[in-house]
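Given next are the chains, with one letter for each unit.
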Amino acid sequence: MKAIVDRDLCIGCGLCEDTCPEVFRMGEDGLAMVIDDDPAAETYPDIEDCVELCPVAAISVAAV
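Quantities reported herein were computed from a predicted structural model and do not represent experimental measurements. (Residues numbered from 1 in each chain as written. Predicted model: local features only at pLDDT ≥ 70, side-chain atom pairs only at ≥ 80, totals over all residues. Heavy atoms only, no water.)

1. Let's talk about the overall build of the protein
Alright, step 1. Within the protein one finds two helices and four strands.
Alright, step 2. Seen through its principal axes, the protein has C-alpha atoms that stretch 30 × 20 × 20 Å.
Alright, step 3. Taking all 64 residues of the protein together, 30% fall into the buried category.
Alright, step 4. Taking the contacts inside the protein whose residues are at least 6 apart along the sequence as the reference set, 54% of them involve residues at least 24 apart.
Alright, step 5. Here the protein has roughly 3,800 Å² of accessible surface; of this, 51% comes from carbon and sulfur atoms. (Helix = DSSP H or I, 4+ residues; strand = E, 2+ residues; numbered from the N terminus. Buried < 20%, exposed > 50% of the residue type's maximum accessible area, 1.4 Å probe, protein only. Contact = heavy atoms within 4.5 Å. Areas by Shrake-Rupley, 256 points an atom, 1.4 Å probe, with all protein chains shown as cover.)

As structure tokens, this is what we get:
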């Protein structure tokens, strides 16, 4: 699973970093970014939660 952040949609609310800090981090510009392009399988449920929780649907996943 690969997490993707659409930085054009991101509003910088921080829910993704709070939910899954192993994969998401807020950048210096205040927007979310993916910090692990090959996350451990244990983080998949948290990544999926981030997809559901993002208020602007800026997070998606792709199969690898």
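2. Focus on the environment of E22
Alright, step 1. Topologically, E22 is positioned in the loop between α1 (15–19) and β2 (24–26).
Alright, step 2. C-alpha of E22 to C-alpha of D36: the two residues are 14 residues apart in sequence and 7.2 Å apart in space.
Alright, step 3. Every residue in contact with E22, bar those within four places of it in the chain, is listed here: I35, D36 and T43.

3. Considerations on the nonpolar core
Alright, step 1. Formed by 15 residues in total, the largest nonpolar core has its most connected members in F24, I47 and I59.
Alright, step 2. Going through the elements one at a time, β1 (2–5) and α2 (44–53) are the ones with two or more residues in this core.
Alright, step 3. In contact with I47, other than residues within four places in its own chain, are M1, A3, C20, V23, F24, P39 and V61. (Core = buried A, V, L, I, M, F, W, Y, C linked by side-chain atoms within 4.5 Å.)

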